[in-house]
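Okay, here's what each chain looks like letter by letter:
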Amino acid sequence: MISIWFFIGVSLLVNGVLIMGAGIWDVLYPPENPVVLFSLHANLWWGLALTLSGIVYCVKFAPKRKT
Amino acid sequence: MTLLLAAGAPTRLVHLAPIDIVIVVFYFVLVLAIGWYLKGRANTGEDFFMAGREMTAWVAGLSFLSANLGALELMGWAGSAYQYGILATHWYWIGAIPAMLFLALVMMPFYYISKTHSVPGYLRLRFGEPSRALSAISFAFMTVLMSGVNMFAMAKVMQIVLGWDINFSIWVSSLTVAIYVSLGGLRSAIFNEELQFFLIWAGALLIPILGLYEAGGWANLKVQIAQRTSEQYVHMWSGLGSFTGNPMGVHWTGMVFGLGVVAAMGYWTTDFLVVQRILAAKDIRSAEMAPIIGAGFKMLVPFIVVLPGLIGLAVLPETLVPESIATATGAHSYNDVLPLMLARYCGPGLLGLGVTALIAGFMSGMAGNVSAFTTVWTYDIYRPFVNSRGSDQHYVSMGRWTTIIGVLISVGTAYLVMEFASIMDYVQALFSFFIAPLFGTVVLGMLWKRATRAGGFWGLLCGTLSSIGMWTWVKLNPSALRYVALSPHAKGLAQDMYQALWSFLVCVIVTVVVSLATKPMHDDELTGLVYGLTEVPAVGNVPLYQKPLFWAAIVTVVFFALNIIFW
């Protein structure tokens, strides 16, 4: 049975990649009405953190192949 | 939560970018995929209703916590933090931690040993069929109605925050829940609660981090809040020596005994919605560890709920107002503080994650209600009173259909509330009537072998009726609140605490008096159900760091330390 932690890893990974992509886009094309503390680029590093966490969960709890 | 439902501001609070929509849609796809995957693993009653009783301590513990971490709770308590200051934290610390530890170390062994499917099921074993019937019917009825009220509330919030159509929100969310719970049963509900737990932390943790950065740290934040309100907004206990010394109008006795001892114990130890998650644990050690793990994380929740409300007090340029004034003036209300903070700091992507966390919280809350309703209906109402000779397969089938019917009743309730808003107040109040007396009945049943069946039933009934009586009294005559809550300065939340305290005491006194006046039960009937007549199995020969008592001690130390730090 696939572990719940694997599903969580998938969620973190996909969301992390999407948010990090949005962060990169914001760096390249800064919005006209930026959020407060935009200069910190929170979506970029938060997306990165979620991506790395997602990778760890996906690898550690990946479904094992039957031999 | 009631306040969230008042007619909202006409303009939406946040605007989603395409990337945000993608994140929301991905969440729906993932939960349906999980439900579909688990479909083949819910074929027996134990699988469907109890998740196979194979959950680890971590899974059961986080699910136990998540069942109470809904979107409305997050937004409501962030709003309360803006309104009452750090006092809102009491509902997460003294209003939860002692009760969770009590459940783990004292009550859980009896729930677990008795192998009951539900809290009403334990009442049948201990106090007989009438007590079970009273508890099961009231729980099932209230749970499904509450689910409908929450459904409408969340649809209303989505309309205010995102500008979504109410019908769209109700049907998309309810159909999704109906599909994944009817396919995978409790296991599916638990899996999605785990997912929700991570989404909420991932989506909400940035707000306090960025907020503290903007405010210049905790010390500067306290100074700014004191300048805009008063110093008591950042002290948890120092203003509770009198009813007038704090923004909530509550005395420390109400906070400790009403909230901490009765209301919290009642909710966390006898509300089947949360207890069901622990009953799914794989062994006695996991069942004891799960509430302790939940307690550990519960202590952290104020950092993503209360802290954003406090930061809002300091950094938001506008002043938020009560819902009634917001409705009349178009200003933002207290309950808007969390979405406002989300919109303040979160750009595209992060905003989608924050909104997804709110949706996930709402949907897993509904799934929790529906799965608990399904179990109580099937095992505590349908099987004993309608069809006691069905096969296991028949009851699983009944569970699947009950899930769908329960969701449809919830949808019907949501539309009823839409037409007659006052119904919502009554439904929410009705739910609170049963919790505190039920705790009195269950805890006496577990700890006092002299409690008899008649004592348990009449105590539960009288406690519940007294709670209804107090609520009706205050509803008809609002000035009666000074008698119920012992002070003319008391406010709504103080009424909840004292109402719980008095109804619990009525339940206990009636149970004791009737029990002493009736014939004692024989010891053979109480084996496995009561302290002193039950051999509680040891958690096994495990190292110290795996013992529930060790972790309960650590949680207790941290609990006291936090209360002293924020005194």
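The structure this text deals with has already been given above.
The paragraphs below set out a description of the structure included in this document. (Residues numbered from 1 in each chain as written. Chains lettered and ligands numbered in written order. Predicted model: local features only at pLDDT ≥ 70, side-chain atom pairs only at ≥ 80, totals over all residues. Heavy atoms only, no water.)

Quick notes on the nonpolar core
The following threshold applies: Each nonpolar core is a collection of buried residues, namely Ala, Val, Leu, Ile, Met, Phe, Trp, Tyr and Cys, held together in the definition by side-chain atoms within 4.5 Å. We call a residue buried when its accessible area falls under 20% of the maximum for its residue type, exposed when it is over 50%, and partly exposed in between, using a 1.4 Å probe and counting protein chains only. Working rule for contacts: check all heavy atoms of both residues, and any pair within 4.5 Å makes them a contact.
The biggest cluster of nonpolar side chains holds 213 residues, and the ones touching the most others in it are Y27, Y111, M255, W268, M363 and V442 of chain B. Here V442 of chain B is in contact with M107, Y111, V119, Y122, L123 and T270 of chain B, once residues within four sequence places are set aside.

Re the interface of chain A and chain B
Many structure descriptions define interface size as the accessible area lost when the parts assemble. To keep it simple, the criterion reads: Here, a salt bridge means any Lys or Arg side-chain nitrogen found within 4 Å of an Asp or Glu carboxyl oxygen. Here a polar contact is recorded for every N or O atom pair within 3.5 Å, except that within protein the pair must consist of a potential hydrogen donor and a potential acceptor, and residues adjacent in sequence are included only if both atoms are side-chain atoms. Starting at the N terminus, helices and strands are each numbered in turn, a helix being any DSSP run of H or I of at least four residues and a strand any DSSP run of E of at least two. Each residue gets one label: Ala, Val, Leu, Ile, Met, Phe, Trp, Tyr, Cys and Pro are nonpolar, Asp, Glu, Lys and Arg are charged, and the others, such as Gly, are polar.
Counting from both sides, the interface comprises 25 residues of chain A and, opposite them, 36 residues of chain B. The tally of links from chain A across to chain B stands at 0 salt bridges. The interface formed by chain A and chain B holds 3 residue pairs in polar contact (both at pLDDT 80 or more) in total. Counting only elements with at least two residues in the side of chain A that touches chain B, the list comes to α1 (4–28) and α2 (42–60) of chain A. Of the residues that constitute the side of chain A that touches chain B, the class distribution is 21 nonpolar, 3 polar and 1 charged.

Notes on the pattern of salt bridges
Residue and element names in this part refer to chain B. Counted under the stated rule, the structure contains 9 salt bridges over all chains. R132 is the salt-bridge partner of D380, the closest N and O atoms lying 2.5 Å from each other. Here the residue D380 occupies a position in helix α17 (residues 350–385), and R132 occupies one in helix α7 (residues 129–162), the gap between them amounting to 248 residues. Each member of the pair, D380 together with R132, is buried. The closest approach of N and O atoms between R344 and E214, which form a salt bridge, is 2.6 Å. Residue R344 is located in helix α16 (residues 337–345), and its partner E214 is located in helix α9 (residues 206–215); the two are separated by 130 residues in the primary sequence.

Concerning helix α1 (residues 18–38) of chain B
Using the following cut-off: Expected span of a helix: the number of residues minus one, times 1.5 Å.
Spanning 21 residues, α1 of chain B covers 31 Å between terminal C-alpha atoms, matching the ideal 30 Å at 1.5 Å per step. The inward-facing, buried residues of α1 of chain B contact α1 of chain A together with α8 (166–204) and α17 of chain B.

Structural notes on a nonpolar patch on the surface
All names here are of chain B. Let me state the cut-off plainly: The patches described consist of residues with a relative accessible area above 30% and no salt bridge, like charges being joined within 9 Å and nonpolar side chains (Val, Leu, Ile, Met, Phe, Trp, Tyr) within 5 Å. Methods summary: accessible areas were calculated by the Shrake-Rupley approach with a probe of 1.4 Å, and residue burial reflects only the protein chains presented.
A cluster of nonpolar residues, W171, L175, W401, I404, I405, L408 and I409, forms a patch on the protein surface that exposes about 660 Å² of accessible area. Listed by contribution, the elements that provide at least two residues to the nonpolar patch are α8 and α18 (392–419). Element by element, the count of residues in the nonpolar patch is highest for α18, at 5 residues.

With respect to the packing of aromatic side chains
To be explicit about the condition: Whether two aromatic rings pair depends on their centres lying within 6.5 Å, for rings of Phe, Tyr and Trp, where Trp uses its six-membered ring; planes under 30 degrees apart make the pair stacked, over 60 edge-to-face, and the rest tilted. Counted as over-ring charges are cases with an Arg CZ or a Lys NZ within 6 Å of the ring centre that also lie within 35 degrees of the ring normal.
Scanning all chains against the criterion turns up 39 aromatic pairs over all chains. Pairing W218 of chain B with F566 of chain B gives two aromatic rings, centres 5.5 Å apart and planes at 80°, and the pair type is edge-to-face. You can see W218 of chain B sitting in helix α10 (residues 218–228) and its partner F566 of chain B sitting in the segment after α24 (548–565), a full 348 residues away along the chain. Taking the relative accessible area as the measure of exposure, W218 of chain B reaches 26% and is therefore partly exposed. For F566 of chain B, a relative accessible area of 16% puts it in the buried group. Where Y498 of chain B meets W502 of chain B, the ring centres are 6.1 Å apart and the plane angle is 35°; that geometry is what we call tilted. Here Y498 of chain B and its partner W502 of chain B are both found in helix α22 (residues 492–517), 4 residues apart, which amounts to about one turn of the helix. On the basis of relative accessibility, which here comes to 26%, the residue W502 of chain B falls in the partly exposed class. The rings of W5, Y57 and F61 of chain A together with W58, F197, F198, W201 and F297 of chain B are connected pair by pair, giving a single aromatic cluster. In this structure, K39 of chain B is placed above the aromatic ring of W36 of chain B, and the distance from its NZ or CZ to the ring centre is 4.4 Å.

By themselves, these observations are geometric and do not establish any function.
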